[in-house]
Every structure is written in C-alpha cells, then in structure tokens.
Amino acid sequence: MCEYHLNVGDMFRTQHGLGLIVEKKNGVFHYSTVGDDQRKAYQTIAVKQFYNYCDDRSHNQVLEVMLLPNRKYRRRRK
C-alpha cells in the first residue's frame, strides 16, 4: 500500500479517523489524530510496525496514506 518512505507532514487514514505525522526520530513516528485538542504529548508508533500495518491488508489498520505533494525527494521502500 505504501510505496514510499513517510516523512513529517504526511497523513494516514484508519477506521478511527485521520492521523498526521508530526515528528520522526529514533525509529518512531509521533503523530497527532485529527480532532484532538492541541496536546503536548503525541501518540507514538514504531516505524516498522506502522509499515507492517500498511502492508497487511487483512487487518485494515491503515486504510489510506496521503503524501505531501510538494515534497522534493522521496525514496521508494524495498
């Protein structure tokens, strides 16, 4: 489902709503769900686990990934 590596500003859609990747460091995505108040502590998920959810369509964890259109360079995932 997700051909490219994700970066800050990319969005994803799950059954529970939209999520926005706010920060990426130490192999962890920090994300904010749309509709949440402006909170100081963001939710986290490991990058490998997130990509596993993207690739595993049987559980339908991540339904759609929306990439920033103005990102200059993107690397394909292997």
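Rules and cut-offs
Residues numbered from 1 in each chain as written. Predicted model: local features only at pLDDT ≥ 70, side-chain atom pairs only at ≥ 80, totals over all residues. Heavy atoms only, no water. 1 Å grid on protein atoms, 1.4 Å probe; cavity = no way out; pocket = protein on both sides within 12 Å on 5 of 7 lines; lining within 4 Å. Points joined across faces, edges and corners; volume = space filled by probe spheres on them. Helix = DSSP H or I, 4+ residues; strand = E, 2+ residues; numbered from the N terminus. Nonpolar A, V, L, I, M, F, W, Y, C, P; charged D, E, K, R; others polar. Phe/Tyr/Trp six-rings, centres within 6.5 Å; stacked < 30°, edge-to-face > 60°. Buried < 20%, exposed > 50% of the residue type's maximum accessible area, 1.4 Å probe, protein only.

Brief notes about the layout of surface pockets
Thought 1: A volume near 280 Å³ is recorded for the largest pocket.
Thought 2: Every residue lining the largest pocket is counted, 17 residues in all, and those nearest its centre are F12, T14, H16, Y31 and Q61.
Thought 3: Those elements that provide at least two residues to the lining of the largest pocket are β1 (11–14), β2 (17–25), β3 (28–33), β4 (43–46) and α1 (47–55).
Thought 4: It is β2 that provides the largest number of residues to the lining of the largest pocket, a total of 3 residues.
Thought 5: Along the lines of polarity and charge, the residues of the lining of the largest pocket split into 7 nonpolar, 10 polar and no charged.

Focus: the packing of aromatic side chains
Thought 1: For the coordinates displayed, the defined rule picks out 5 aromatic pairs.
Thought 2: A ring pair is formed by F12 and Y31, whose centres lie 5.4 Å apart and whose planes are at 75°; its orientation type is edge-to-face. A residue pair is termed long-range when its members are at least 10 positions apart, and F12 in strand β1 and Y31 in strand β3 qualify at 19 residues.
Thought 3: When its relative accessible area of 16% is taken as the criterion, Y31 is described as buried.
Thought 4: Between F29 and F50, the aromatic rings sit 5.5 Å apart at their centres with planes inclined by 85°, giving edge-to-face as the arrangement. Taken together, the residues span a long stretch of sequence, with F29 in strand β3 and F50 in helix α1 at a distance of 21 residues. Comparing F29 with F50 shows no difference in burial state: the two are buried.
Thought 5: In this structure an aromatic cluster arises from ring pairing among F12, F29, Y31, F50 and Y51.

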